[in-house]
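Per-entry structural report
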Amino acid sequence: QVQLVESGGGLVQAGGSLRLSCAATGSIFSVYAMAWYRQAPGKEREAVARILSGSVTTYADSVKGRFTISRDNGRNTVSLQMNSLRPEDTCVYYCFVDRARTTSGVRNYWGQGTQVTVSS
């Protein structure tokens, strides 16, 4: 079974930086894409950044130029470097694995979420 282990959340002042990491463990043959989503209280979950296996990346407009997503295909890990953080970046951040192929077939997986709080 695939499990996602996230780390790196915390409290930071506005303008500061944090790095989130996510490791997908289990017998994974391939992953189509890995991504980070975030959700603030009372709001819908939104996509933050996404990276395909070929390293093609996409970002939400609100984080372009500030956040950088990277991936290690061999280790099925994904990281999100967040710079110039703003109070509005305060959310629970979720790792997402898009179409992981295992012996059980192909499906998507979510991490448990990690809190990021940016103080003004």
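For the structure itself, consult the block above.
Here is a short report on the structure shown in this document. (Residues numbered from 1 in each chain as written. Predicted model: local features only at pLDDT ≥ 70, side-chain atom pairs only at ≥ 80, totals over all residues. Heavy atoms only, no water.)

**Observations regarding the pairing of strand β11 (residues 114-119)**
To keep things clear, this is the line we draw: With a 1.4 Å probe rolled over the protein chains alone, any residue whose accessible area is under 20% of its type maximum counts as buried; one over 50% counts as exposed, and the rest are partly exposed. A run of H or I in DSSP becomes a helix once it reaches four residues, and a run of E becomes a strand once it reaches two; helices and strands are each numbered from the N terminus. DSSP calls a pair of strands paired once it identifies at least 2 bridges connecting them.
What you see with β11 is a clean split: Thr114, Val116 and Val118 sit on the buried side and Gln115, Thr117 and Ser119 on the side with no burial. As judged from the four bridges shared by strand β2 (residues 10-13) and β11, these two strands associate in the parallel manner. By the bridge assignment, Leu11 is partnered in β11 with Thr117. Pairing of strand β9 (residues 91-102) with β11 involves three bridges; the strand directions are antiparallel. Across the sheet, Val92 pairs through a bridge with Gln115, a residue of β11.

**Looking at the packing of aromatic side chains**
To keep it simple, the criterion reads: A pair of Phe, Tyr and Trp rings is counted when the ring centres sit within 6.5 Å of each other, with Trp represented by its six-membered ring. The angle between the planes then sorts it: under 30 degrees is stacked, over 60 is edge-to-face, the rest tilted.
Tallying each qualifying case throughout the model produces four aromatic pairs. Relative to Trp110, the ring of Tyr94 lies with its centre 6.4 Å away and its plane at 90°, an arrangement referred to as edge-to-face. Taken together, the residues span a long stretch of sequence, with Tyr94 in strand β9 and Trp110 in strand β10 (residues 105-110) at a distance of 16 residues. By relative accessible area, which is 14% here, Tyr94 ends up buried. Using a relative accessible area of 40% as the deciding quantity, one classes Trp110 as partly exposed. Between Phe96 and Trp110, the aromatic rings sit 4.6 Å apart at their centres with planes inclined by 45°, giving tilted as the arrangement. You can see Phe96 sitting in strand β9 and its partner Trp110 sitting in strand β10, a full 14 residues away along the chain. Overall, Phe96 belongs to the buried group, its relative accessible area being 10%. An aromatic cluster is present here, built from Tyr37, Tyr94, Phe96 and Trp110 joined pairwise through their rings.

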